[in-house]
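Here are the chains, one letter per residue:
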Amino acid sequence: MTQLELCAMLFINMQQKTKGFLEGFALLENHQAFGNTQPIEDSFNLSIDILIEGMK
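Residues numbered from 1 in each chain as written. Predicted model: local features only at pLDDT ≥ 70, side-chain atom pairs only at ≥ 80, totals over all residues. Heavy atoms only, no water.

1. Description of the overall build of the protein chain
Step number 1: Across its full length, the protein chain carries 2 helices and 0 strands.
Step number 2: For 56 residues, the compact-globule estimate of 2.2 N^0.38 gives 10 Å, and the protein chain exceeds it by more than 25% at 15 Å.
Step number 3: Across its three principal axes, the protein chain shows a C-alpha extent of roughly 50 × 20 × 10 Å.
Step number 4: Evaluated residue by residue, the protein chain yields a buried proportion of 5% over its 56 residues.
Step number 5: In the form shown here, the protein chain has an accessible surface area of approximately 4,800 Å², with 62% of it arising from carbon and sulfur atoms. (Helix = DSSP H or I, 4+ residues; strand = E, 2+ residues; numbered from the N terminus. Rg over C-alpha atoms; globule rule 2.2 N^0.38 Å. Buried < 20%, exposed > 50% of the residue type's maximum accessible area, 1.4 Å probe, protein only. Areas by Shrake-Rupley, 256 points an atom, 1.4 Å probe, with all protein chains shown as cover.)

Given below as structure tokens:
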């Protein structure tokens, strides 16, 4: 596997993880399934920060 192929594979993997997170988060929010009193924006922002850190 070349370095370019590895980079492409990692990029696709990161895209799939991000898409899955966003779709899951939106689905839960739309169905009001979180059920906790913490503001949803705090949870979303923390999750995005963790995703970004994981990509570094």
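2. Concerning the packing of aromatic side chains
Step number 1: Within the structure shown, the criterion is met by 3 aromatic pairs.
Step number 2: Relative to phenylalanine 44, the ring of phenylalanine 25 has its centre 5.0 Å away and its plane inclined at 65°; by these criteria the two rings are edge-to-face. Of this pair, phenylalanine 25 sits in helix α1 (residues 3-30) while phenylalanine 44 sits in helix α2 (residues 40-55), and the two are 19 residues apart along the sequence.
Step number 3: For phenylalanine 25, a relative accessible area of 11% puts it in the buried group. (Phe/Tyr/Trp six-rings, centres within 6.5 Å; stacked < 30°, edge-to-face > 60°.)

3. Focus: the pattern of salt bridges
Step number 1: In this structure the tally under the stated criterion is 1 salt bridge.
Step number 2: With a shortest N-O distance of 3.3 Å, lysine 19 and glutamate 23 are connected by a salt bridge. Here lysine 19 pairs with glutamate 23, and both are found in helix α1, just 4 residues apart, close to one helical turn.
Step number 3: Since its relative accessible area comes to 51%, lysine 19 is described here as exposed.
Step number 4: Among the residues examined, glutamate 23 registers a relative accessible area of 47% and is labelled partly exposed. (Salt bridge = Lys/Arg side-chain N within 4 Å of Asp/Glu carboxyl O.)

Coordinates in, geometry out; function isn't part of it.
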